[in-house]
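Survey of secondary and tertiary structure
Each chain, written out:
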Amino acid sequence: MQTPSPAPIPSGPRPIPAGPAKDIDTITTATPIVRVDESVDLHTHTIDILVVGGGPAGCAAALAALRERPDASVVIADAAAFPRDKTCGDGIAPHGLDVLRDLGVTDAVAGYQPVDRMRLRTPGGAEVATPSARASYVVPREVFDARLMAAAQARGAHLIRRRIRTLELTDRPRPDGRGREPVVVVNGALTARVVIGADGANSVVRRGLNLAANPPEAMAIAVRAYADLPSDGRPAEQLIHMTDDGWPAYAWSFPIGDGRANIGYGMLRSRLTGGDDGTSAKTVLHRTLDRMLPNTPADPTTLRAHLLPLSTHRPRQPNGPVLLVGDAASLINPLTGEGIYYALLSGSLAGQAAVGVTNPTGAGRRYRRSLDAELGRHLRHTSLLAGLVGRRRTVMDAAVRAARTRTELYDTLVEIGLGRGTIPASSLTRLAVRRTMAGRR
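Residues numbered from 1 in each chain as written. Predicted model: local features only at pLDDT ≥ 70, side-chain atom pairs only at ≥ 80, totals over all residues. Heavy atoms only, no water.

So, the packing of helix H1 (residues 56–68) against helix H3 (residues 141–155)
Relative orientation of the contacting elements H1 and H3 amounts to 20 degrees, with a least axis distance of 9 Å. Considering the angle they form, H1 stands roughly parallel to H3. The element H1 and its partner H3 pack so that their crossing is left-handed. Contacts from Pro56, Cys59, Ala62, Leu63, Leu66 and Arg67 in H1 reach Arg141, Phe144, Asp145, Leu148, Met149, Ala151, Ala152 and Arg155 in H3. Grouping the constituent residues of the contact of H1 with H3 by class yields ten nonpolar, no polar and four charged. (Axes fitted to C-alpha atoms, helices over the stretch in contact; angles between N-to-C directions. Helix = DSSP H or I, 4+ residues; strand = E, 2+ residues; numbered from the N terminus. Parallel < 35°, antiparallel > 145°, perpendicular 65-115°, else oblique. Left-handed = near helix turned anticlockwise from the far one by under 90°. Contact = heavy atoms within 4.5 Å. Nonpolar A, V, L, I, M, F, W, Y, C, P; charged D, E, K, R; others polar.)

Quick look at the nonpolar core
By size, the foremost hydrophobic cluster in this structure holds 108 residues, and its most contacted members are Leu50, Val74, Phe144, Val195 and Ile196. Of all the elements, helix H6 (residues 340–355) adds the most residues to this core, at eleven residues. Those residues in contact with Val195 that sit more than four places away from it in its chain are Leu50, Val52, Leu167, Val184, Val186, Val205, Pro321, Val322 and Leu323. Judged by nonpolar contacts, the second largest core, of 17 residues, contains Val223, Ala251, Leu289 and Met292. (Core = buried A, V, L, I, M, F, W, Y, C linked by side-chain atoms within 4.5 Å. Buried < 20%, exposed > 50% of the residue type's maximum accessible area, 1.4 Å probe, protein only.)

Digging into helix H9 (residues 407–418)
Helix length check: H9, at twelve residues, gives a terminal C-alpha distance of 16 Å against a target of 16 Å (1.5 Å per residue), a fit within 8%. For H9, the secondary structure elements touched by its buried residues are helix H2 (94–102), strand S4 (115–121), strand S5 (127–138), H6, helix H7 (363–391) and helix H8 (393–403). (Expected span 1.5 Å × (residues − 1).)

Quick word on the confidence of the model for the protein chain
Averaged over every residue, the pLDDT of the protein chain is 88; residues scoring 70 or more account for 88%. Of the regions scoring below 50 in pLDDT, residues 1–29 engages in 53 contacts with residues more than four places distant in sequence or in other chains. (pLDDT = per-residue confidence, 0-100.)

A short note on the side chain of Arg84
Along the polypeptide, Arg84 turns up in the loop between strand S2 (74–78) and strand S3 (91–92). We classify Arg84 as buried; its relative accessible area is 11%. Looking at Arg84, its side chain comes within polar contact range of the side chain of Asp145, at 2.8 Å. Leaving out residues up to four positions away in the same chain, Arg84 has contacts with Gly54, Gly55, Arg141, Glu142 and Asp145. (Polar contact = N/O pair within 3.5 Å; in protein donor to acceptor, adjacent residues only side chain to side chain.)

Things to note about the packing of aromatic side chains
Enumeration over the complete set of coordinates arrives at three aromatic pairs. Here Trp252 and Phe254 contribute two aromatic rings whose centre-to-centre distance is 6.4 Å and whose plane-to-plane angle is 35 degrees, an arrangement assigned as tilted. Of the two residues, Trp252 and Phe254, both sit in the buried class. In this structure an aromatic cluster arises from ring pairing among Tyr250, Trp252 and Phe254. A cation sits over an aromatic face here: Arg260 above Tyr226, 5.2 Å from the ring centre. (Phe/Tyr/Trp six-rings, centres within 6.5 Å; stacked < 30°, edge-to-face > 60°. Lys NZ or Arg CZ within 6 Å of the ring centre and 35° of its normal.)

Things to note about the pattern of salt bridges
This structure, assessed with the given rule, holds 25 salt bridges. Across the salt bridge formed by Asp244 and Arg393, the nearest N and O atoms sit 3.1 Å from each other. Of the two residues, Asp244 is situated in the loop between strand S11 (238–243) and strand S12 (249–255) and Arg393 in helix H8; the sequence distance between them amounts to 149 residues. Accessibility expressed as a relative area gives 24% for Arg393, which makes it partly exposed. Two residues, Arg291 and Asp245, come together in a salt bridge whose shortest N-O distance is 2.6 Å. Separated by 46 residues along the polypeptide, Arg291 in helix H5 (residues 281–292) and Asp245 in the loop between S11 and S12 bring together distant segments of the chain. Taken together, the shared-partner salt bridges connect Asp48, Arg69, Asp71, Arg172, Glu181 and Arg193 into one network. (Salt bridge = Lys/Arg side-chain N within 4 Å of Asp/Glu carboxyl O.)

Here it is, written out as structure tokens:
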């Protein structure tokens, strides 16, 4: 049976359904209906690119691959039905929207209002709240991810509901009879030239490459909920409230714009223990969230915990036809927990690498080099800062106090925490010396 050809790419960006909007101030949470192409026969041919995971990283990979090579067969495998909730802070930084615009997706945050203020509050009492140079958005992942999936399908990707369990690198005879070609066999049945692992913190694809998960000291755990947000007449702002308990740790409150906020609390997995009164670690997370954000009590039906593999312990992307993106590659900012921008960018780069090589075995090397060119320096700088801040909370106190009167420093902090910013050269040597001295104590 012949596999149906991918749908042709529409001329120009295709609008992503956002549901009806009453007026410009309306927050629209309707999501597109995402079809599942279970009728596609996947067992009789080799898929060009199999993307495991249909979140932002996986959709970006599919969009990028089909932009570069419209005739490629691209399949996204995900165990969930879309739309579906995804535990996250729901913050969409402007850098991620830049990636999406480059991929032809312009409506991912349609109907949601920009939030251009972020309030940082440290345990030592330092606080700063200044309009950012570029606004962020807060869009529930149930909406955001479904819109990206609809865009990927409109570009020609096929979505199937599969839970991926096994991964095998092997080879098989070429269709033209000229020797053999390397392939990846998934679940013992699906065959692909390149597999892109976008399957999150507990990535099966990563385990299939014999790459260990992050250790507890490089793994954060967070609890997320939704809460009613009291109206106080002030401009909408994202709040990050840091705490000494389990430092580095913080709570957040991000306004959606519909009278609710996404709230949560996160800390390093290595520092989470049960309470002195015998309560579980889960209860400790919930209680700390309640204590830190007393004015926005969580809706208990929305409380969910999730793991955040930090970029301080990234696995080295191996050569070959299996690529890791987003959380599966431990691409989470260790200072802020931001991961959607990294997911979109790494997915886009992986999709380009997957179709940009003649031999699939060269995809891993090409992707690794392009990711390092885009984010390598930034990731090294965030690791340096995370090490210093983790040892000395006063470093963050001093930075936030200084940012109250120095707009350029505030913008630098936001850029490092939400985008691809780096430490200014004037500060880099001083910070490196501090880290070296701290390591000798």
